[in-house]
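# Structural overview
Take a look at the letters that make up each chain.
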Amino acid sequence: MAMSDRAMTRRGFLAAGLGAAAVPLLAGCSSNLGNTVASGLFGARLPSETLVFWNLFGGGDGSRMETMEAGYRKKYGPNSLQATTFAWGNPYYTKVTLATVGNKPPDVAISHLTRAKPLWSGGLLEPITADDLSSVGLSPADFSPAPWKEQRTDGKNIAVPLDTHPIVMFFNTDVCRKAGLVDSDGKLKALDDMDAFESALAAISKVTGGVALTIPNVGGETATPWRVFWTFYNQNKAATPFLSDNGSKLTVDEDVFAKVNERLQSWVKKGWVNKALDYATAESYMFTGKSGLYLEGEWEITTAQSVKGLKFGMVPIPNLYDQPAAQADSHTFVLPRKDRTPQERHQAMLFIRSMLDQSMTWAKGGHIPAFQRVANSAAYKALEPQADYASAAKHAVYDDPAWYGGSGSTFEGIVGAELGLIQQLASTPQAAMQSIKDQLSVYLNTPSPL
Amino acid sequence: MTTATVTTPRSRSARETKVRFNSPLQRKDSRSAWLFIAPFGVFYLAFLLGPTIYMFVMSFFNTSTVHAGLGSFAGFANYAEMLSRPDFWSSLLHTLQFTLYTTPPLVILAFIFAVLTNRMNRGQWFYRLAFFLPFILPSATISLIWVFIFTPTTGLWAMVETWFGITPGSGVLSSPNTAMIGIAIATVWWTLGFNFVLYLAGLQEIPRELYEAAAVDGASAWEQIRFITIPQLGRTTALVVLLQIIASLKIFDQVYLMTSGGPGTSTQVLLQLITGTGFTDNRLGAASAASVLLFIVIIIVAIIRQLIGRAAARKEA
Amino acid sequence: MAISTPRPRMKSPVSAAAPARSVQTKTSGRAFNIVALIVLIVFAIIWLIPSLFALKTSLTDNGTAALGASAILADWNPTLASYASYFTSGNIWNWYIASAITSVVTAVLTVFFASMTAYALSRLKFRGSNLVMLLIILGIMIPSQVLIVPIFQELNAMSLLNTYWSVIFPQVPAVIAVFIFKSFFDGIPRELEEAARIDGAGRWRVYWSVVMPLSQPVIAAVTILTFVGVWNNLLLPLFVLSNPDLMTVPVGLATVQGSFGQRYADIQAGAVLAALPLVILYLIFQRRIVEGVTGSGLKG
């Protein structure tokens, strides 16, 4: 009696425990859910017929990427692709890192070129071989030289560049025309030396009755001050890398740092450049004619084109010092470290090829295609205003490789915040440099964890 | 309450040890006791005590997220780094700021709502629902709701501001001066229900005779609250405040989801610094050092809490 | 109410903090009551507004929702489109399954393991019980959130990252549950067990057939609290589950970005979907949940 009781209850206990886990298991068996549950419970591999792709694109880029993903699905079937978008910046790269460490990475992921390097040195990426490229009809010659050269690391290809996205100069056509800076076919006159540029700023300032050029630098905006600084800094022949040896040495040329920033401060003091504006406001100044020029990445083309009645153009940032330069990064495709069958690897390359083939769609969002068959096509050359600034890709300057560097990184956050203070006249270039040194010392003195 | 249950078996067992382990039956008890404890014990050692010890060990090494093993020995470098980092101290400061913003409303409003609800003859379920329901919602839901309410210019918060003749600014969460206030408002709304039910439970324990006696003496409603309810709920209040301080030290969800520590680092808190250092900078060793420091702070607060609880229990006894 | 009249010596009403169904008079007590009622109702409504606003937004179309709060409130064309978008595409089913499995399994394991430990501590005399008690007290002071870094590393070493177990295992040793069970068991009269013992039942049998059946209220409380706690946890699953297929509902909502544009209605529908199972649970087990939370609060 007692025995059977005990057996009953024990069986009941087991049934309760198993039942709880089994119900969803059974419910999902017929579909993909079953595979997911098996993976969650037993660490099984997720189904491989679907290619998993992660990216960090929101806004206009996000919707264009969706269009391109639809293009891939059209070719390879509706269930051929599972695309996931994560929040931009550090959260995204954290996810890519942890998923790879935890053995469930995507098949293909987007990475900024400057962030692919730390991922590579952490052993999280697989090199892309010449065979991989040729298996889908690609060769190094198919890509613009600057990003291709930049991605080569340790003699390997670590990423396939999709684009180059430099910072450019937006101009409000109406304001600049009143300032006498626009020629008859609506193009901005060349402003490629300091005197010409400063007299243009003075002229625009007269038209707007306020600032001539806006650069966002408050409200958490640290990236733009960095992009602007890195552009002008590298236009100097004397410019040295900011960081060397993967971020263990600070090698910035302090004279050039001071020179560039003092010039910027003089513009602020003359009222030509704003003291403190956040991203959206700085942009709306140019849209509404409160300023004539605006420095930002070319991706803002989507927002600008959505403003009704706005006439605007985009050009490379003028060369004010010794040589043309524009801070830039590239969106690239990377293959996270993962057990793959040859077929899966080939499919990943087919996906990359399919995305590259649709570079024209991508280019509409402002990005300069890295895929030369599109970049050199008549269709791209006819695209306005994209064609006007495409040359900026030739003079692209990437951030220095560092384990804490790259787009949206800790490095950009620290240095960009100080540069923002310089522009607000809240700090001198010398004081800012000292503060940068203090804050970076932790990272400079720490051995790279990668 | 904890202390009361804890001290009894200890003092009893000390005296009984000698007698206890003689008979075979008791030895059998001992064996089954360990069998009863074993399953929980395995998890306790593997996922509570083990990680705690491992955290201390890792904090002395340059452990990396992407490489196996502990990495090179770092000595006290990780601690020196954390203690000299401005963002470590500012994160602690933000925690303090958050505690200061949330504790008074969480104590005072919860107290008022509980006292008033306790008085109602009917509809108690409704007030419980209104005040307590948010507490069981996921932080993701809370954050999505409040970020939406705080949408600049067109959000619900901005709409209410316009009703009161205030021009809505650039949004509560977008300014470093107000972002923490926004997080605090969402948190008060979310967790008030917890204190509310604690106070309600405390109110049930106040002897009715106290009020009757006071009423006989002619005490007004306010005087009854002032001289009976508030002192009688003193222990609950102390508990609520201490729990709030500990919860503030461990705050992560709302900040991560509502502002990710921004604008700038104006709302960054310690657990974010820890996860940022560990999982974004890939430096688990340094992150462990920060964890140990936070761990020590929390343990100190918890010990203070135990001491206060013990003192109160002694006073009552 | 009737009680107040036969007590002539009472000069003023028992009021304010006095429990309901109590002594009240007709004059100042009633005025106080009305003020109290109004204050309470106003605040209760304020407290309900955010949830109701989220619900209302989730039932509006995305276009209207983008126009702002006043447009949402003025809109009277409710639509389930936002909910439909979750159920037709996206990962919501995967997320629900991950949340359900992790919450249920953790709750079951916690209830059994914690109650067994509590039973041993409450009823069995054994060498080392002091040490166990000390470890339990120590455990209650360890803030598990602070352990995220070593736990991640440990799960990585065990190859458990990106499995449901990585969320379940670290949440099983809920020391507070041992306390809740122990204080309940301490209150159960020993006579019941002794009768069974005399009949020859072993410890396991007593625990299983005598003590546990008597402990249904506390089992329910611990089950529900664990379920809610695991369902709502963000920190742990955020870092141990990085594959969107395997994420829990809160983590999925917090990390996976919806498609392009400000789809406020969709976002609020997501907020509602994450909360829905808990709201249902609350409506069913209202009293148990409140009691459980109170109990754990007073002890934790």
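Residues numbered from 1 in each chain as written. Chains lettered and ligands numbered in written order. Predicted model: local features only at pLDDT ≥ 70, side-chain atom pairs only at ≥ 80, totals over all residues. Heavy atoms only, no water.

### So, the pattern of salt bridges
As a reminder, the rule being used: Salt bridge criterion: a side-chain nitrogen from Lys or Arg within 4 Å of a carboxyl oxygen from Asp or Glu. Each residue is placed in one exposure class: buried if its accessible area under a 1.4 Å probe, protein chains only, is under 20% of its type's maximum, exposed if it is over 50%, and partly exposed if it falls in between. Secondary structure elements are defined from DSSP: runs of H or I of at least 4 residues count as helices, runs of E of at least 2 residues count as strands, and each element is numbered from the N terminus.
If you walk through the whole model with that rule in mind, you get 22 salt bridges over all chains. Residue Asp245 of chain A is joined to Lys249 of chain A by a salt bridge in which the shortest nitrogen-to-oxygen separation is 2.5 Å. Judged by its relative accessible area of 44%, Lys249 of chain A is partly exposed. Close ionic contact of Arg287 of chain C with Glu291 of chain C constitutes a salt bridge, the shortest N to O distance being 3.1 Å. Of the two residues, Arg287 of chain C and Glu291 of chain C are both situated in helix α15 (residues 264–299); the distance of four residues between them amounts to about one turn of the helix. The class for Glu291 of chain C is partly exposed, based on a relative accessible area of 43%.

### Structural notes on the confidence of the model for chain C
Residue and element names in this part refer to chain C. Applied cut-off: Residue-level confidence of the predictor is summarised by pLDDT, bounded by 0 at the bottom and 100 at the top. Contacts: residue pairs with any heavy atoms within 4.5 Å of one another.
In this model, chain C carries an average pLDDT of 85, and 87% of its residues clear a pLDDT of 70 or more. Ranking the elements of chain C by mean pLDDT puts helix α2 (residues 62–66) last, at 85, and helix α8 (residues 165–168) first, at 96. Segment residues 1–17 is flagged for pLDDT under 50; beyond a separation of four residues in sequence, or across chains, it makes 47 contacts in the model. Between residues 20–26, whose pLDDT stays under 50, and residues either more than four places distant or in other chains, the model counts 22 contacts.

### A few points about the sheet that holds strand β6 (residues 160–161) of chain A
All names here are of chain A. Short version of the rule: Strands qualify as paired when DSSP identifies two bridges or more between them.
Taken in spatial order, the five strands of this open sheet run β2-β1-β3-β14-β6, and their pairing is mixed. Of all strands in the sheet, those bounded by a partner on one side alone are β2 (81–85) and β6. As paired strands, strand β3 (residues 108–112) and strand β14 (residues 331–334) are joined by four bridges and run antiparallel to one another. Within the sheet, the bridge partner assigned to Ile110 lies in β14 and is Phe333.

### Here we look at the interface of chain B and chain C
How big an interface is tends to be stated in terms of the accessible area lost upon association of its parts. Rules: Buried area: the accessible area, evaluated with a 1.4 Å probe, that two parts lose upon being put together, summed over both parts. Under this definition, polar contacts are N or O atom pairs within 3.5 Å; protein pairs additionally need one hydrogen-donor-capable and one acceptor-capable atom, and for neighbouring residues in sequence, both atoms have to be side-chain atoms. Lys, Arg, Asp and Glu make up the charged group, whereas Ala, Val, Leu, Ile, Met, Phe, Trp, Tyr, Cys and Pro make up the nonpolar group; the residues left over, Gly among them, are polar.
At the junction of the two partners, chain B supplies 116 residues and chain C supplies 120 residues. For the pair chain B and chain C, the summed buried area comes to about 10,700 Å², and 74% of that belongs to carbon and sulfur atoms. A per-residue breakdown of the area chain B buries against chain C is headed by Phe36, Phe40 and Arg119 of chain B, which together make up 9% of the total. Along the contact surface separating chain B from chain C lie zero salt bridges. On the surface where chain B and chain C come into contact, there are eight residue pairs in polar contact (both at pLDDT 80 or more). For the side of chain B that touches chain C, the element with the most residues is helix α2 (residues 24–58) of chain B, which contributes 23 residues. Its residues placed into classes, the side of chain B that touches chain C shows 78 nonpolar, 27 polar and 11 charged.

### With respect to the nonpolar core
Where a protein is soluble and globular, its nonpolar side chains tend to be buried together. Rules: We define the nonpolar core as a collection of buried residues of types Ala, Val, Leu, Ile, Met, Phe, Trp, Tyr and Cys that are connected through side-chain atoms lying within 4.5 Å of one another.
With 304 residues, the main nonpolar core has Phe242, Trp267 and Phe333 of chain A as its most contacted residues. For this core, the element with the most residues is helix α5 (residues 92–123) of chain C, which contributes 16 residues. Each residue touching Phe333 of chain A, except ones within four places of it in the same chain, is listed here: Phe53, Val108, Ala109, Ile110, Ile128, Ala159, Val160, Leu162, Phe351, Ile352 and Met355 of chain A. Membership of the second largest hydrophobic core comes to 19 residues, among which are Phe170, Phe287, Ile368 and Leu383 of chain A.

### Details of the confidence of the model for chain A
In low-pLDDT segments, the atomic positions of the prediction should not be examined closely. Taken as a whole, chain A shows an average pLDDT of 89; of its residues, 92% reach a score of 70 or greater. Counted against residues more than four places away or in other chains, residues 1–30 of chain A, with its pLDDT under 50, gives 19 contacts.

### As for the interface of chain C and chain A
Contacts between chain C and chain A engage 33 residues on the former and 35 residues on the latter. Taking both partners together, chain C and chain A bury about 3,000 Å²; carbon and sulfur atoms supply 67% of that area. Remark: the boundary between chain C and chain A carries zero salt bridges. Going through the elements one at a time, α5, α7 (148–157), α11 (203–214) and α13 (235–240) of chain C are the ones with two or more residues in the side of chain C that touches chain A. Here the side of chain C that touches chain A takes eight residues from α5 of chain C, the largest share from any one element. Classifying every residue of the side of chain C that touches chain A gives 21 nonpolar, 10 polar and two charged.

### Considering the domain arrangement of chain A
All names here are of chain A. Short version of the rule: Domains are outlined according to an automatic or database domain assignment.
Partitioning chain A into domains gives domain 1 (51–164 + 330–381) and domain 2 (167–327 + 400–444). Computed from C-alpha coordinates alone, the two centres of domain 1 and domain 2 are separated by 29 Å. With 16 residues of domain 1 in contact, the opposing surface of domain 2 contributes 12 residues. Counting each side, the surface lost to burial between domain 1 and domain 2 is near 1,000 Å², with a carbon and sulfur contribution of 51%. Counting across the domain 1 and domain 2 interface gives zero salt bridges. Looking at the side of domain 1 that touches domain 2, the elements with two or more residues in it are α3 (59–76) and α5 (113–121). Counting residues per element, the side of domain 1 that touches domain 2 draws most heavily on α5, which supplies four residues. Taken together, the residues that form the side of domain 1 that touches domain 2 break down as three nonpolar, eight polar and five charged.

### So, the packing of helix α10 (residues 223–234) of chain A against helix α19 (residues 410–423) of chain A
All names here are of chain A. To keep it simple, the criterion reads: The convention used is that axes are lines fitted to C-alpha atoms, helices contributing only their stretch in contact, and that angles between N-to-C directions extend from 0 to 180 degrees. Any angle from 65 to 115 degrees is called roughly perpendicular, while one under 35 is roughly parallel, one over 145 is roughly antiparallel, and all others are oblique.
Packing of α10 against α19 brings their axes to within 7 Å, and their N-to-C directions diverge by 80 degrees. Taken together, the axis directions place α10 and α19 in an arrangement best described as roughly perpendicular. The residues of α19 that touch α10, namely those facing Ala223, Pro225, Trp226 and Phe229, are Phe411, Glu412, Val415, Gly416, Leu419 and Gly420. Of the residues contributing to the contact of α10 with α19, the split by class is seven nonpolar, two polar and one charged.

### Some words on the side chain of Thr64 of chain C
Residues and elements named next belong to chain C. If you trace the backbone, Thr64 turns up in helix α2. The class for Thr64 is buried, based on a relative accessible area of 17%. Reaching out from Thr64, the side chain makes a polar contact with the side chain of Asp61 at a distance of 2.6 Å. Residues within four places of Thr64 in sequence aside, it is in contact with Ala71, Ile72 and Asp75.

### A word on the packing of aromatic side chains
Formally: Stacked, tilted and edge-to-face pairs are distinguished by plane angle, under 30 degrees for stacked and over 60 for edge-to-face with tilted covering the rest, among Phe, Tyr and Trp rings (Trp via its six-membered ring) whose centres lie within 6.5 Å. Working rule: Lys NZ or Arg CZ, within 6 Å of ring centre, within 35 degrees of ring normal, means a charge sits over the ring.
Enumeration according to the criterion identifies 76 aromatic pairs over all chains in this entry. Arranged with centres 6.2 Å apart and planes meeting at 45 degrees, the rings of Tyr96 of chain C and Trp231 of chain C form a pair that is tilted. A residue pair is termed long-range when its members are at least 10 positions apart, and Tyr96 of chain C in helix α5 and Trp231 of chain C in helix α12 (residues 216–232) qualify at 135 residues. For the pair Tyr96 of chain C and Trp231 of chain C, one class covers both residues: buried. An aromatic cluster is present here, built from Trp226, Phe229, Trp230, Tyr233, Phe242, Phe257, Trp403, Tyr404, Phe411 and Tyr443 of chain A joined pairwise through their rings. Residue placement shows Lys290 of chain A over the ring face of Tyr285 of chain A; its charged tip is 4.9 Å from the ring centre. Residue placement shows Arg226 of chain B over the ring face of Phe227 of chain B; its charged tip is 5.0 Å from the ring centre.

### Description of α11 of chain C
Inclusion rule: One fewer than the residue count of a helix, multiplied by 1.5 Å, yields its expected span.
Over its 12 residues, α11 of chain C runs 15 Å from end to end, which matches the ideal 16 Å to within 8%, given 1.5 Å per residue. Within α11 of chain C, the full set of buried residues consists of Arg203, Arg205, Val206, Tyr207, Trp208, Val210, Val211 and Met212 of chain C.

### A look at the environment of Pro145 of chain A
Residue and element names in this part refer to chain A. Within the secondary structure, Pro145 is located in helix α7 (residues 145–151). Using a relative accessible area of 65% as the deciding quantity, one classes Pro145 as exposed. For the pair Pro145 and Val442, spaced 297 residues apart in sequence, the C-alpha separation works out to 35 Å.

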